[in-house]
Amino acid sequence: MKKTFRIFAVVLMLLTMTGYSAFAGNDERRGTAGAVELLINPWARSTGWGGVNVANVRGLDAMFNNVAGLAFVKNIEVSYSNTLLNGGKSGLNSGATINTFGLGVRVFESGVLGVYVSSLGFGDLPVTTYDSPEPGSNGTFAPNYMNINIAYAHSFTNTIHGAATVKMITETTDNISGSGFAIDAGIQYVTGENDELKFGIALKNWGPAMSFGGTGHSLTMINDAGNNFTVETRSAEMELPTFLNIGLAYDFFIDRWDQRITIAGSFTSNAFLRDNYALGIEYSLLNMLQLRCGYVLQSGMLTGNSATASTGIHAGASIDIPLSKDKENGTGLTIDYSYRTADYLRGTHAIGASFRF
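Being a predicted model, the structure only gives us computed values, none of them experimental.

A. Fine view of the overall build of the protein. Per the secondary structure count, the protein includes 3 helices and 19 strands. Relative to its 357 residues, the protein shows a buried fraction of 43%. Sequence separation of at least 24 residues holds for 58% of the intrachain contacts in the protein that already meet a minimum separation of 6. Entry remark: accessible area of the protein is about 17,900 Å², with carbon and sulfur atoms responsible for 61%.

Shown next, in the form of C-alpha cells:
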C-alpha cells in the first residue's frame, strides 16, 4: 500500500511540475484559455468560504477543489446544486445558471467512485446575422457548456488520501461545438490527535488543447461567374485553464455542544489568470449547523486592478439533518447556501442539497 502511495505521489508531482511549466507568470496570457467554465466552482457548500477548504473539503464537493476529499464518502452520497451566476436569468448582467448533479459510492473498503455532471446554460439568446443584425427577427438559440467528471479516491492510510478525475468537456451552440478532456489529481494529509491538522494539494484541468468546429465556420459566397462556393475557416486551438490549489486547515474543538471552529487558507496558482489567495473560517454547532465565510484576494486587487469578478467576500451556511439514530454514518440530509460578491456585477447565489445513506 505504501508503494502504491509513493507511485501516486510521484505521478502527482510530475503532473504538478508539468502544470507549472504553463504557469509562466505572464499577465499577457490572461483571457486566452478555453473552457473557462472549469474555473467556476458549482457547489454551494465549498463556495460559502471561497473554496478555501482545499485541505479539508469532504464528499462530492471535493471533486472541484481537491478530489482527494471524495475518499471521505461513508456509503452513498447524492448531491444537487443550483447556481445563479451573477444574478442568473433575472440578472441585469448575466443569464447564466449552473445545474450540478453528483453521485458518490464507496465501492471498496478504502475506495470511493464519484461522478458529477455540471451544465452551464445562458438562456435563450437572439440570433443576429450580418444581413439581419437586429435581434428578434431571426429566432433564438441556447448555448450550453457541460462537463462530466468521473473520479476515484483511495485512502492509502488513515492519514493519507489521494484521488484522480477524468473529465469530458463539451461546449455547443446552434452551429458550432467543441470538446476536450482533462485530468485532475489531488492529495490530502490529515494528522493530529483529533485529526485537527490538514494539508491538501491538487492540480486541476491538465489536458490537451481544444478547438471548435461546425457549420458556423462555413460561409457561402458567389464568385464573379455567379457560382456558389463555400469557404470554411479553422478554429484556433485553446489551452485549458490549468491551475494548482494548495491549502492548509486547522480545527479547534470545544466540547460543550460539539462546537468546532476551523480556520483555513489556500493559494491558487493560475496558468491564465492572476494568482489567488484565500482565507476562511467555519463554525459548527452540534454537528448540525455550520456558518462560514471567506475572503478571496487576487494579485493586484488591492490597487483596484482586479482581473476577475468573483473575488472578495464569500459567505454561506449549511444545515445537517440526521434522518436516523446514527448521526455519524446513518441517513442524513444536508442543505447548503452560499453567496459570492462580484465586482461590477450582481452577486452569485448557490443552493444545494445532499442526501447520504
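B. Seen up close, the nonpolar core. Ranked by internal contacts, the top residues of the largest apolar core, which has 13 residues, are Met63 and Leu70. Each residue touching methionine 63, except ones within four places of it in the same chain, is listed here: Leu70, Gly114, Val115, Tyr116, Asn149, Ala151, Asp184 and Lys204.

C. Geometry of the packing of aromatic side chains. Counting across every chain of the model gives 6 aromatic pairs. Between phenylalanine 355 and phenylalanine 357, the aromatic rings sit 5.2 Å apart at their centres with planes inclined by 40°, giving tilted as the arrangement. Phenylalanine 357 sits in the partly exposed class, given a relative accessible area of 39%. Arginine 58 extends its terminal NZ or CZ atom over the ring of phenylalanine 72, reaching a point 3.6 Å from the ring centre.

D. Examining the pattern of salt bridges more closely. Going through the model one piece at a time under the given rule, you end up with 7 salt bridges. Note that arginine 45 is salt-bridged to aspartate 336, the shortest N-O span being 3.4 Å. Highlighted residues: arginine 45 in helix 2 (residues 44-47) and aspartate 336 in strand 18 (residues 332-340), separated in sequence by 291 residues. Taking relative accessible area as the criterion, arginine 45 reaches 22% and is therefore assigned partly exposed.

E. Layout of unusual backbone geometry. Positive phi values are uncommon outside glycine, yet aspartate 195 reaches one of about 55°. Position of aspartate 195 relative to the elements: it lies in the loop between strand 8 (177-191) and strand 9 (197-206). With a relative accessible area of 38%, aspartate 195 lands in the partly exposed category. A positive phi angle, near 60°, is found at tryptophan 257, a position not held by glycine.

F. The environment of phenylalanine 357, seen in detail. Secondary-structure assignment places phenylalanine 357 in the segment after strand 19 (348-356). Taking the C-alpha atoms as reference points, phenylalanine 357 and glycine 332, separated by 25 residues in sequence, lie 6.6 Å from one another. Ignoring any residue separated from it by four or fewer positions in sequence, one finds phenylalanine 357 in contact with Asn75, Ile76, Val78 and Thr331.

G. How the structure looks around the pairing of strand 14 (residues 259-270). Pairing between strand 13 (residues 243-254) and strand 14: 12 bridges, direction antiparallel. Bridge pairing in strand 14 links isoleucine 246 to phenylalanine 267. Counted between consecutive antiparallel strands, the loop separating strand 13 from strand 14 contains 4 residues, among which tryptophan 257 sits at a positive phi close to 60°. Two strands pair when backbone bridges link them, and strand 14 and strand 15 (residues 276-285) are joined in this way by 9 bridges, in the antiparallel orientation. Considered in strand 15, the bridge of glycine 265 is made with leucine 279. With antiparallel pairing between neighbouring strands as the criterion, strand 14 and strand 15 make up a hairpin whose turn holds 5 residues.

H. A look at the environment of asparagine 149. Mapped onto the elements, asparagine 149 comes out in strand 6 (residues 144-155). Ignoring anything within four residues of it in the chain, the contact list for asparagine 149 reads Met63, Gly114, Val115, Tyr116, Thr165, Val166 and Lys167. A polar side-chain atom of asparagine 149 sits 2.7 Å from a polar atom in the side chain of asparagine 147.

I. Broad picture of the environment of valine 105. Mapped onto the elements, valine 105 comes out in strand 2 (residues 96-106). For valine 105, a relative accessible area of 25% puts it in the partly exposed group. The residues touching valine 105, leaving out its near neighbours within four places in the chain, are Asn75, Ile76, Gly111, Val112 and Leu113.

Analysis parameters
Residues numbered from 1 in each chain as written. Predicted model: local features only at pLDDT ≥ 70, side-chain atom pairs only at ≥ 80, totals over all residues. Heavy atoms only, no water. Helix = DSSP H or I, 4+ residues; strand = E, 2+ residues; numbered from the N terminus. Buried < 20%, exposed > 50% of the residue type's maximum accessible area, 1.4 Å probe, protein only. Contact = heavy atoms within 4.5 Å. Areas by Shrake-Rupley, 256 points an atom, 1.4 Å probe, with all protein chains shown as cover. Core = buried A, V, L, I, M, F, W, Y, C linked by side-chain atoms within 4.5 Å. Phe/Tyr/Trp six-rings, centres within 6.5 Å; stacked < 30°, edge-to-face > 60°. Lys NZ or Arg CZ within 6 Å of the ring centre and 35° of its normal. Salt bridge = Lys/Arg side-chain N within 4 Å of Asp/Glu carboxyl O. Pairing = 2+ DSSP bridges. Polar contact = N/O pair within 3.5 Å; in protein donor to acceptor, adjacent residues only side chain to side chain.

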